[in-house]
Amino acid sequence: MLYDEQPMKPSLKWVAVAGLVLGGALGMAGSFAAQANVRNILWAIDSVGLVVATVILAMHFYRKGREAVAAGFLVFALGESVMLVGTAGTLEASVPAFAAGTALWAAGLLMVSLPGEFPLWTRLAGLVTGVLMAITAVSIFWGRAVTPLSRPLPLFAYPVLVLTFVGWLVRVIREE
């Protein structure tokens, strides 16, 4: 199979960048929003941005012949899509979608981070986040009362996830 080593089209590159920035910034902002309706809107925009960005990244890495990384971005996008289902409800009502989404996030993050496609610091942030999200998902499936804002997990894992996004951003912006 022939792979296309051309760089990402500038318009798609900046859509992916915008999606990652919105996802990281609004996801964190939603975690600290005092009102549920504000949190829900921020998380909905965050989810849509991340789905768009990670699907674009999946297509890009697939075209470059990096199928494992591409598949990881698709799995992450699926997890984010599942989470979007729960954002309109209460924190407690969102738990089933959140559990499924964090399980898929964990798998996607591990798939993107294990190959040597990104700098080591980005890969380590992704691996740590993947493990923390796997622990979160297992805890929920085990029957623990965990919501998207529970402490210590998943709340304290979100900054590490955003650090992973920063690594993805740097790679996308620097790529010719």
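What you see is a predicted model; the values in this text were computed from it and never measured. (Residues numbered from 1 in each chain as written. Predicted model: local features only at pLDDT ≥ 70, side-chain atom pairs only at ≥ 80, totals over all residues. Heavy atoms only, no water.)

Novice: I tried to follow the packing of aromatic side chains on my own but got confused; where do I start?
Specialist: For any two aromatic rings, the description comes down to two numbers: the centre-to-centre distance and the angle of the planes. Going through the model one piece at a time under the given rule, you end up with eight aromatic pairs. Considering the side-chain rings of phenylalanine 76 and tryptophan 168, the 5.8 Å spacing of their centres and the 85° angle between planes classify their relative orientation as edge-to-face. One end of the pair, phenylalanine 76, is in helix H3 (residues 67–86); the other, tryptophan 168, is in helix H6 (residues 158–174), with 92 residues separating them in the sequence. For the pair phenylalanine 76 and tryptophan 168, a shared accessibility class is recorded, and that class is buried. Consider the rings of phenylalanine 165 and tryptophan 168, whose centres lie 5.5 Å apart with planes at 40°: the pair is tilted. (Phe/Tyr/Trp six-rings, centres within 6.5 Å; stacked < 30°, edge-to-face > 60°. Helix = DSSP H or I, 4+ residues; strand = E, 2+ residues; numbered from the N terminus. Buried < 20%, exposed > 50% of the residue type's maximum accessible area, 1.4 Å probe, protein only.)

Novice: How should the pattern of salt bridges be read in this particular structure?
Specialist: In a structure, side chains of opposite charge can pair up when their charged atoms sit close to one another. Evaluated as defined, the whole model comprises four salt bridges. Here lysine 64 makes a salt bridge to glutamate 175, at a shortest N to O gap of 3.5 Å. With lysine 64 in the loop between helix H2 (36–63) and H3 and glutamate 175 in the segment after H6, the pair connects residues that are 111 residues apart, well separated along the chain. Each member of the pair, lysine 64 as well as glutamate 175, carries the same accessibility label: buried. Put simply, glutamate 117 and arginine 171 hold a salt bridge, and the shortest N to O gap is 2.8 Å. Note that glutamate 117 is positioned in the loop between helix H4 (95–113) and helix H5 (120–142) and arginine 171 in helix H6, a separation of 54 residues in sequence. (Salt bridge = Lys/Arg side-chain N within 4 Å of Asp/Glu carboxyl O.)

Novice: Would you take a moment to explain the nonpolar core for this structure?
Specialist: Across soluble globular proteins, nonpolar side chains have a tendency to be buried as a group. By size, the foremost hydrophobic cluster in this structure holds 34 residues, and its most contacted members are Leu20, Phe73 and Trp168. Elements with a contribution of two residues or more to this core: helix H1 (10–32), H2, H3, H4, H5 and H6. Here this core gets seven residues from one element, more than from any other, and that element is H4. Aside from chain neighbours lying at most four places away, what touches leucine 20 is Leu50, Ala53, Leu57, Phe165, Trp168 and Leu169. (Core = buried A, V, L, I, M, F, W, Y, C linked by side-chain atoms within 4.5 Å. Contact = heavy atoms within 4.5 Å.)

Novice: How should I be thinking about unusual backbone geometry in this particular structure?
Specialist: A negative phi angle characterises most non-glycine residues, just as the trans form characterises most peptide bonds. A cis geometry characterises the amide bond from arginine 151 onward to proline 152, with omega recorded as 5°. Mapped onto the elements of the fold, proline 152 is located in the loop between H5 and H6. Cis geometry marks the peptide bond from leucine 153 to proline 154; its omega dihedral reads 10°. Topologically, proline 154 is positioned in the loop between H5 and H6.

Novice: I tried to follow empty space enclosed by the protein on my own but got confused; where do I start?
Specialist: Here the idea is plain: a probe the size of a water molecule rolls over the atoms and shows the empty space left. Per the stated rule, a full pass over the model turns up one cavity of 30 Å³ or more. The space that makes up the largest cavity amounts to roughly 310 Å³. In terms of lining, the largest cavity is formed by 26 residues, of which the most central are Trp43, Asp46, Met83, Trp105 and Tyr158. When grouped by side-chain class, the residues that make up the lining of the largest cavity number 13 nonpolar, 11 polar and two charged. (1 Å grid on protein atoms, 1.4 Å probe; cavity = no way out; pocket = protein on both sides within 12 Å on 5 of 7 lines; lining within 4 Å. Points joined across faces, edges and corners; volume = space filled by probe spheres on them. Nonpolar A, V, L, I, M, F, W, Y, C, P; charged D, E, K, R; others polar.)

Novice: When you look at the packing of H3 against H4 in this model, what are you seeing that I'm missing?
Specialist: Geometrically, a packed helix pair is captured by the angle between its two axes and the distance between the axes. Two numbers describe how H3 lies on H4: the axes approach to 7 Å, and their chain directions differ by 165°. In this view, H3 runs roughly antiparallel relative to H4, as classed from their interaxial angle. Two packed elements cross with a definite hand, and for H3 against H4 that hand is left-handed. Classifying every residue of the contact of H3 with H4 by side-chain character gives 19 nonpolar, six polar and one charged. (Axes fitted to C-alpha atoms, helices over the stretch in contact; angles between N-to-C directions. Parallel < 35°, antiparallel > 145°, perpendicular 65-115°, else oblique. Left-handed = near helix turned anticlockwise from the far one by under 90°.)

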